[in-house]
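Architecture at a glance
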There are 2 protein chains.
Amino acid sequence: MPKLRIAMAQTNPCVGDLEGNAAQVLDWSRKAAERGAHLVVFGELALAGYPVEDLALRETFVTASARRIERLATELEEAGCGELAVLAGYLDSDAEGVRNAVAVLHRGAIVARQFKHHLPNYGVFDERRYFAKGTGLDILRLHGLEIGMAICEDLWHAGGPLAALREAGVDLVVIPNASPYERNKDDARFELVARRARETGAALAYCNLVGGQDDLVFDGDSMIVDAEGSLVSRAPQFVEHLQLLDLDLPGGAARTGGPVAGFETRRITLGAEPLPDYPSEHGPFIAEPLGDEAEVWSALVTGLRDYAHKNGFRSVVFGFSGGIDSSVCAALTADALGADALHGVSMPSVYSSEHSRSDAEELAERIGCHFRTVPIAAMVADYVGTLGLTGLAEENVQARCRGTLVMALSNQEGHLVLAPGNKTELSVGYSTMYGDAVGGFAPIKDVPKTLVWQLAKWRNAEAEKRGETAPIPPNSIEKPPSAELRPGQQDTDSLPPYEVLDRILADYVEGDRGYAEILAAGFDPELVNKVIRLVDRAEYKRRQYPPGTKVSAKAFGRDRRLPLTSAWREG
Amino acid sequence: MPKLRIAMAQTNPCVGDLEGNAAQVLDWSRKAAERGAHLVVFGELALAGYPVEDLALRETFVTASARRIERLATELEEAGCGELAVLAGYLDSDAEGVRNAVAVLHRGAIVARQFKHHLPNYGVFDERRYFAKGTGLDILRLHGLEIGMAICEDLWHAGGPLAALREAGVDLVVIPNASPYERNKDDARFELVARRARETGAALAYCNLVGGQDDLVFDGDSMIVDAEGSLVSRAPQFVEHLQLLDLDLPGGAARTGGPVAGFETRRITLGAEPLPDYPSEHGPFIAEPLGDEAEVWSALVTGLRDYAHKNGFRSVVFGFSGGIDSSVCAALTADALGADALHGVSMPSVYSSEHSRSDAEELAERIGCHFRTVPIAAMVADYVGTLGLTGLAEENVQARCRGTLVMALSNQEGHLVLAPGNKTELSVGYSTMYGDAVGGFAPIKDVPKTLVWQLAKWRNAEAEKRGETAPIPPNSIEKPPSAELRPGQQDTDSLPPYEVLDRILADYVEGDRGYAEILAAGFDPELVNKVIRLVDRAEYKRRQYPPGTKVSAKAFGRDRRLPLTSAWREG
């Protein structure tokens, strides 16, 4: 049985960085060639980055991408990788429009191209805004093996390129992806890949990107399944990785295929001679999947690290309140950028408890980061006295003094400001615009409060397992949460217990469920009403909130787009 | 020749307000019936509002919309409008998905339905995210006349429903629209409507919404052209309006038509007896189009008024700097909400000039609004002293003190905060996040600085024509612009002259042109480079900026969606 040495390169491109991304493709292709691979596949749009959003409407950018891939073909040959078939995603355009494309580079030329057929236009995706749908099918004849291509969303549809490839008859389908991380998505992915492999009657090689791009994180998790749907290779998540596999393929699949309807099919021969017989060096390798908390944590670390680095920041600053949210953000920052990159500020007001100051200080000690204290009582008194502020106005001034101080430190010292709010707060509007909401990035904005606690406990336990200092002060995990904006305030004064609140929010925000359906789960009608109203009324706050890593099935932002002005009320 | 009395109801619905919007349809239908109309047409999605965004994914909302239109049919008959054919837009759903639909209500029932065929997915539109494409064609036989329907984007395509209606043969095509205002769009619209009428061989009745919805404003401008493409009726812009017209139609168009390919065609007879002969009472009426400045001004007034009112605000507050931007925002507010709804605050720092204080005071006097002065020098000194701030950090603290004060007044007194920044500033990042950028709405965020001046002069001249006090202090128009964040600062210290800057920005931001193409217009390469870099780097500021009325062909926000993280650089 012919044996193909296939390499899957899980790279971390940066949107718009054609030179840097091309260097990655060249680099990893060289490594694959050195290790004797016949074919190397990269993730979707590995040359342009994903998603490029309205850069796809910029003619200069699309043209530059198409030219860069041509040059890359030459560079690959010059680097001695000419015999290797390199499958790299890039942007192209023709009379029909802009294309989400994969090029096959071989012996210094682009020998084949595949355009994405199914263009996702839901959730975080807007591909029908940008791309024309491909209706071609370029099939590679590589040393007697028939290799088809499909791109990301094409995999999620039984019809289209995969059905066409089944009809045509192929031994292997290679699928570059830019599939953003969501909790539990990895399980769904494997099942889908396995099912499609069986349907298509071919092995499937699924290659995903890794790394963060604004609010998205790509988790890698690239995999190969055989034609029976059995997993034979799975790359680790969240790390750049080159996976090699000596894959036995029957060959001659084309002889079993018939004519293909609806797709212009081309067969491109890359090497007529059959693959030589060689001893297997790269057998099945299946990376251990991460546990639930480890996976979310890795996604958050990756999202924060890449947002900071890709935007030129080496350090961050934010307020240490002594509470659980800022503590978890501090631990994430230390894991993402190192403790030395973290500048914590305690900004106590007259309502700040003794424990909030000591917990903040303890956090800084445990993590080993920079820390200073800037009391805000005098500034707050100035605003309050000048305008005669009371109630909510007085509470918010405290948060806004802190926001102004943190931004001043950012301006003065060049740190990225983080907003440490969680998804539950953001859902119900329990935050102060231009106060605790200031920042360039919000690492846990898609993490519900109950999961924040769970992650804190998990991270501390991990540290203890490794014999390290647990980063988060136990008191920050255990004490009842409070914004400390008035004497003796606790979150539960105005909000239901977080365990209940998060379940209602999961139904309403992530599930898009209506009032009656939420009530059917047994919640108190008055409470559901109140929560829905809080969520609806806080839309304007969310609109101005910084971006942050998506980890749920529906994150605020491009995933959930609601009007600010809306009179619709559930219930 | 049969004569149809057609009514076009240019209403101002609120997104999500099914009850309020249904009451509008009922009310205006009653008026049309009282005046003897045979048919009344409303704008696109007049019952649901436009755009509903992700409310279209909420099953409860779509179901409620479909039920409400059924009830409306009954209510119309009970109100004595049963004989009137009412064409009202609403959301529906079936096995294919959610529909952007028009229902024809007649004698207490829904007698016909048309679903939008062409779903726009560019610019500010995301309709392929929400809607399934309609492939039916319901043609009304109303007293012997053949009346077809198409919805908004369908008009912009020669193929699809309009081509199908030409083949079928109709006397009249009725087209509900939700077409957002853009400068100069009205000219393009008339030419398009006239062309399509000639192509289709039928009169066209184009009915648009009016009013503001977040960053969009619908300008009305509803019109009817005859089958030769001559304008016979045109409604005024930006006002709710019921336009009646006795329209001569040849009749019997169906006899000239043939079979229609690709559309399921139904003919629905609403009244077999021919229209009686009656004397014309409603002849051609063509509203005088607004001049360019008046049109932009009306759009800005409408956008601000509806954002405030539809979100429950009766008053606004913002800083009066004495400069042109806050002056124009003040004049807009007075026109939109009344001078008594406006609360101006002068917040001088140590760098504020004498003229900036006196110009702010003069503005308040001219307009007759509320006004107070809150000096910020002591607060700024407190921040600066505590953290040892210098340079940009010190400049920004001044803006953020003002932001905090204005927000405190909003919290204390319940006003909507306006951000008075213009499009030029927003383009190059010449604003302070959480400082002058605070606010729930930014009335002139899509107005370039040069147009701000032009509007100021125009508004003052209009006042003088009417014998009123010009609202804007002449000195605010004439003095060189300055942020006054350091001694003697002027905008031109760090920016090119606004006349040049706005032309480069028109090319780069609105035109999406590349470096070489911009240079071809004769600009200095170094300057173009600098401007492009300023624009690219300010994306994170724009992302957190409040919404504001779109008046240009490409506004920041949903019209121009760029990644925050991007290494792509023109040049």
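Structure's up top.
Described below are features of the structure shown in this document. Just so it is clear, the structure is predicted and the values come from calculations on it, not from any experiment.

Calculation rules
- Residues numbered from 1 in each chain as written.
- Chains lettered and ligands numbered in written order.
- Predicted model: local features only at pLDDT ≥ 70, side-chain atom pairs only at ≥ 80, totals over all residues.
- Heavy atoms only, no water.
- Helix = DSSP H or I, 4+ residues; strand = E, 2+ residues; numbered from the N terminus.
- Rg over C-alpha atoms; globule rule 2.2 N^0.38 Å.
- Buried < 20%, exposed > 50% of the residue type's maximum accessible area, 1.4 Å probe, protein only.
- Contact = heavy atoms within 4.5 Å.
- Areas by Shrake-Rupley, 256 points an atom, 1.4 Å probe, with all protein chains shown as cover.
- Lys, Arg positive; Asp, Glu negative; His and termini not counted.
- Charge placed at Lys NZ, Arg CZ, Asp CG, Glu CD.
- Least-squares fit on C-alpha atoms with pLDDT ≥ 70 in both.
- Pairing = 2+ DSSP bridges.
- Polar contact = N/O pair within 3.5 Å; in protein donor to acceptor, adjacent residues only side chain to side chain.
- Buried area = accessible area lost by both parts, 1.4 Å probe.
- Salt bridge = Lys/Arg side-chain N within 4 Å of Asp/Glu carboxyl O.
- Disulfide = S-S within 2.5 Å.
- Axes fitted to C-alpha atoms, helices over the stretch in contact; angles between N-to-C directions.
- Phe/Tyr/Trp six-rings, centres within 6.5 Å; stacked < 30°, edge-to-face > 60°.
- Lys NZ or Arg CZ within 6 Å of the ring centre and 35° of its normal.
- Expected span 1.5 Å × (residues − 1).
- Arc of directions from axis to C-beta.

Observations concerning the overall build of chain A
Helices and strands together make up the secondary structure of chain A, namely 17 helices and 20 strands. For 571 residues, the compact-globule formula gives about 25 Å, and the C-alpha radius of gyration of chain A, at 26 Å, lands near that figure. Along the first, second and third principal axes, the C-alpha atoms of chain A reach 85 × 50 × 45 Å. Within the span of chain A, comprising 571 residues, buried residues form 65% of the whole. In chain A, the proportion of contacts linking residues at least 24 apart, taken out of those at least 6 apart, comes to 76%. About 19300 Å² of surface is accessible on chain A, with carbon and sulfur atoms providing 50% of the total. Of note, chain A has its 59 positive side-chain charges centred 3 Å away from the centre of its 81 negative side-chain charges.

What to know about the environment of Phe 556 of chain B
Residues and elements named next belong to chain B. For Phe 556, the position within the fold is in the segment after helix H17 (539-543). Residues Phe 556 and Ala 470, spaced 86 residues apart in sequence, show a C-alpha to C-alpha distance of 31 Å. Here Phe 556 is in contact with Lys 423, Leu 426, Ser 427, Lys 445, Asp 446, Val 509 and Arg 542, once residues within four sequence places are set aside.

Points about the relation of the copies chain A and chain B
Each copy of the sequence occupies a distinct position, and chain A is placed on chain B by a rotation of 180° and an axial shift of 0.0 Å, giving an RMSD of 0.0 Å. In short, the pair behaves as if placed about a two-fold rotation axis. Rotation axis and chain A: the residue whose C-alpha lies nearest the axis is Gln 544 of chain A, separated from it by 2.2 Å. A share of 99% of the interface residues of chain A reappears at the interface of chain B, consistent with the copies meeting face to face through the same patch.

With respect to the pairing of strand E13 (residues 231-234) of chain B
The side chains of a regular strand alternate between the sheet's two faces. All names here are of chain B. As judged from the three bridges shared by strand E12 (residues 223-225) and E13, these two strands associate in the antiparallel manner. In the strand pairing of E13, Met 223 is matched with Arg 234. Hairpin geometry of E12 and E13 is characterised by an intervening segment of five residues between the two adjacent antiparallel strands and by a positive phi of about 90° at Gly 229. Inspection of the sheet shows E13 paired to strand E16 (residues 285-286) by two bridges, in the parallel sense. Paired with Arg 234 across the two strands is Ile 286, which belongs to E16.

So, the side chain of Gln 24 of chain A
Residue and element names in this part refer to chain A. Locating Gln 24 in the fold gives a position in helix H1 (residues 18-34). Residue classification places Gln 24 among the buried positions, given a relative accessible area of 18%. Within the structure, Gln 24 has its side chain in polar contact with the backbone oxygen of Asn 12 (distance 2.8 Å). For Gln 24, the residues in contact, after removing those within four places along its chain, are Thr 11, Asn 12, Pro 13, Phe 42 and Glu 240.

A closer look at the environment of Asp 436 of chain B
All names here are of chain B. Position of Asp 436 among the secondary structure elements: in the loop between helix H11 (423-428) and helix H12 (449-465). Taking the C-alpha atoms as reference, Asp 436 lies 9.3 Å from Asn 396; in sequence the two are 40 residues apart. Excluding residues within four positions of it along the chain, Asp 436 makes contact with Ala 399, Ala 419, Pro 420 and Ser 431. For Asp 436, the side chain forms a polar contact with the main-chain nitrogen of Thr 432, separated by 2.9 Å.

Side note on the sheet that holds strand E18 (residues 342-346) of chain A
Residues and elements named next belong to chain A. The strand order E19-E18-E17-E20 describes an open sheet built from four strands, whose pairing is parallel. The open sheet has two edge strands with one neighbour each: strand E19 (370-373) and strand E20 (416-417). Two strands pair when backbone bridges link them, and strand E17 (residues 316-319) and E20 are joined in this way by two bridges, in the parallel orientation. Note on E20: the bridge partner recorded for Val 316 is Leu 416.

A few points about the interface of chain A and chain B
At the junction of the two partners, chain A supplies 75 residues and chain B supplies 74 residues. Here chain A meets chain B over a buried area of about 6500 Å², counting both sides, of which 55% is carbon and sulfur. Among the residues of chain A in contact with chain B, Arg 58, Thr 565 and Trp 568 of chain A are the three that bury the most area, contributing 12% of the side total. Note that Arg 58 of chain A and Asp 512 of chain B form a salt bridge whose closest N and O atoms lie 2.9 Å from each other. When residues of the side of chain A that touches chain B are traced back to their parent elements, those giving at least two are helix H2 (59-78), helix H3 (127-130), helix H6 (292-310), helix H9 (377-387) and helix H10 (391-413) of chain A. No other element matches H10 of chain A, which puts 13 residues into the side of chain A that touches chain B.

Points about the state of the cysteines
Residues and elements named next belong to chain A. The tally for this structure, following the rule as stated, stands at zero disulfides over all chains. No disulfide involves Cys 207; its sulfur sits 11 Å from that of Cys 152, the nearest cysteine. Free cysteine: Cys 369, not disulfide-bonded; nearest cysteine sulfur from Cys 329 at 13 Å.

Re unusual backbone geometry
All names here are of chain A. Between Tyr 50 and Pro 51 the backbone carries a cis peptide bond, its omega angle lying at -10°. Counting through the fold element by element, Pro 51 comes out in the loop between strand E2 (39-42) and H2. Located in the positive-phi region is His 143, a residue other than glycine, with phi close to 50°. His 143 gets classed as buried once you look at its relative accessible area, which sits at 14%.

Regarding the sheet that holds strand E15 (residues 264-271) of chain B
Residues and elements named next belong to chain B. One open sheet holds the eight strands; their spatial order is E15-E6-E7-E8-E9-E12-E13-E16, and the pairing between them is mixed. One side of each edge strand has no neighbouring strand; the edge strands of this open sheet are E15 and E16. Across three bridges, strand E6 (residues 136-142) lies against strand E7 (residues 145-149) in antiparallel orientation. From the neighbouring strand, Leu 140 faces E7, where its bridge partner is Ile 147. Of the strands in this sheet, E6, E7, strand E8 (172-177) and E15 touch helix H4 (residues 161-168), which is tilted by about 45° from E6. Relative to the sheet, helix H5 (residues 185-200) contacts E8, strand E9 (203-208), E12 and E13, its axis offset from that of E12 by approximately 35°.

Description of the packing of aromatic side chains
Ring pairs (aromatic) are described by centroid distance and by the angle formed between their planes. Tallied over the entire structure, the rule returns 21 aromatic pairs over all chains. On the basis of an interplanar angle of 45° and a centroid distance of 6.1 Å, the ring pair of Tyr 434 of chain A and Tyr 434 of chain B is categorised as tilted. One end of the pair, Tyr 434 of chain A, is in the loop between helix H11 (423-428) and helix H12 (449-465); the other, Tyr 434 of chain B, is in the loop between H11 and H12, on a second chain. Since its relative accessible area comes to 7%, Tyr 434 of chain A is described here as buried. Measuring from centroid to centroid gives 5.5 Å for Tyr 181 of chain B and Phe 238 of chain B, while their planes differ by 65°, and the two rings are edge-to-face. Of this pair, Tyr 181 of chain B sits in the loop between E8 and H5 while Phe 238 of chain B is found in the loop between E13 and strand E14 (241-248), placing the two residues 57 residues apart along the sequence. Phe 238 of chain B carries the same exposure label as Tyr 181 of chain B, and that label is buried. Each member of the aromatic cluster is reached from another via a ring pair, and the members are Phe 318, Phe 320 and Phe 371 of chain A. Above the face of the Phe 556 of chain B ring, Lys 423 of chain B is positioned so that its terminal group lies 5.7 Å from the ring centre. The ring of Phe 556 of chain B has Arg 542 of chain B lying over it, and the distance from NZ or CZ to the ring centre is 4.6 Å.

Focus on helix H16 (residues 525-537) of chain B
Residues and elements named next belong to chain B. The end-to-end C-alpha distance of H16 is 18 Å, a good match for the 18 Å that 13 residues give at a rise of 1.5 Å each. Leu 527, Val 528, Val 531, Ile 532, Val 535 and Asp 536 are the residues of H16 that are buried. Seen end-on, H16 carries its buried residues on one side only, within an arc spanning 165°. For H16, exposure combined with an orientation more than 90 degrees from the buried face picks out Glu 526 and Arg 537. Buried residues along H16 sit against H11, helix H14 (498-510), helix H15 (515-519) and H17.

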